[in-house]
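Below, each chain spelled out in residue letters.
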Amino acid sequence: LLERDRADNRIMIKMLNKLQTALRDYAESVLLEERFVWDFPHEGLPPTVVSALQEGSPFEKNIALKNSLKSHLTSSGYPIEYWIIQTWGGIQGFKQNGKNDYRIRELYQQLGKKSFPNQLFDVISSLSKVASFYDPNQYSIYDSRAVFSLNWLLLKSGATQNFFHMPSGRNSKIAKYDMETIIRLKCGDKPGLFVENREAYFEYCHLLKTLSPSVWDDSERKIMPFYLEMLLFVLGPEEIVEDIEKSSTLDIRAAV
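One structure accompanies this document, and this report is about it. What you see is a predicted model, and the numbers here were worked out from it, not measured in a lab. (Residues numbered from 1 in each chain as written. Predicted model: local features only at pLDDT ≥ 70, side-chain atom pairs only at ≥ 80, totals over all residues. Heavy atoms only, no water.)

**Let's talk about helix α9 (residues 144–156)**
Then, number 1: Under the 1.5 Å per step criterion, the end-to-end length of α9 is 18 Å for 13 residues, consistent within 8% with the ideal 18 Å.
Then, number 2: Taken across its 13 residues, α9 has 11 buried, putting it largely inside the fold.
Then, number 3: All of the buried residues in α9 are Ser144, Ala146, Val147, Phe148, Ser149, Leu150, Asn151, Trp152, Leu153, Leu154 and Leu155.
Then, number 4: Two or three places before Arg145, at the opening of α9, Asp143 has a side-chain oxygen 2.7 Å from that residue's backbone nitrogen. (Helix = DSSP H or I, 4+ residues; strand = E, 2+ residues; numbered from the N terminus. Expected span 1.5 Å × (residues − 1). Buried < 20%, exposed > 50% of the residue type's maximum accessible area, 1.4 Å probe, protein only. Polar contact = N/O pair within 3.5 Å; in protein donor to acceptor, adjacent residues only side chain to side chain.)

Pasting the structure below:
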């Protein structure tokens, strides 16, 4: 049993090394300052936050927003939380009502417990946006594009289990390829193929935080995992989709 554990550990280390190398190569070739173009209006933000958003690229303004918004969270009615989800995140379906007030309140409580019940994981794309502003040192956005990219890079690095269920997304290029089907075709549909929902967000954040120091040379990017989440986000519709098309074939045996 001990020898098997050692063999499994060697396989895991080899896979992580390949994943780190792939991410570092992308980090060196993809300029986030140019590729991350997610912009947002300033309406609804506190004046002190608006003043911190100096003129600059969308990338620079998003970094400034991460660093200035935390102190305005958790106030009564959650106005900034809804601004993050609806205005910054573009998720208009997450309406301000009692049910969603409860979800936001539960988010803050469950972050400390490192476990999400299904009713929270069902809206993880929305809630993880809030978490990423609440503590950007620990939490990243569980976005469909980022998870799509990460799952593919895990698969290409030799992972055979502990992939992440993808939330629904709106990108048409990514929608052409069902990553969970690709994973099942490659690895088989077996127990442990995907991290359980209650643990998935925290495992995802831990992995990004673990990988970041080996991906970047910049000292801030080493300790702030949202830079890696940004990289995964921009890679999804372009580099990852292109790699899937180049790397994948499907052989269907005809009926006899």
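The discussion continues.
**Observations regarding the packing of aromatic side chains**
Then, number 1: Evaluated as defined, the whole model comprises 18 aromatic pairs.
Then, number 2: Ring plane angle 45° and centroid distance 6.0 Å describe the contact between Tyr82 and Phe94, whose orientation is recorded as tilted. With Tyr82 in helix α5 (residues 79–88) and Phe94 in the loop between α5 and α6 (98–111), this residue pair connects regions lying 12 residues apart in the sequence. The same class applies to Tyr82 and to Phe94, which are both buried.
Then, number 3: Directly above the ring of Trp216 sits Arg221, whose terminal nitrogen or CZ lies 5.2 Å from the centroid. (Phe/Tyr/Trp six-rings, centres within 6.5 Å; stacked < 30°, edge-to-face > 60°. Lys NZ or Arg CZ within 6 Å of the ring centre and 35° of its normal.)

**Overview of a nonpolar patch on the surface**
Then, number 1: A contiguous nonpolar patch, built from Leu185, Leu250 and Ile252 and spanning about 390 Å² of accessible area, is present on the exposed surface.
Then, number 2: Considering the arrangement of structural elements, one finds Leu185 in helix α11 (residues 179–187).
Then, number 3: Look at Leu185 and you get exposed, because its relative accessible area is 63%. (Patch = residues over 30% accessible without salt bridge, like charges linked within 9 Å, V, L, I, M, F, W, Y side chains within 5 Å. Areas by Shrake-Rupley, 256 points an atom, 1.4 Å probe, with all protein chains shown as cover. Salt bridge = Lys/Arg side-chain N within 4 Å of Asp/Glu carboxyl O.)

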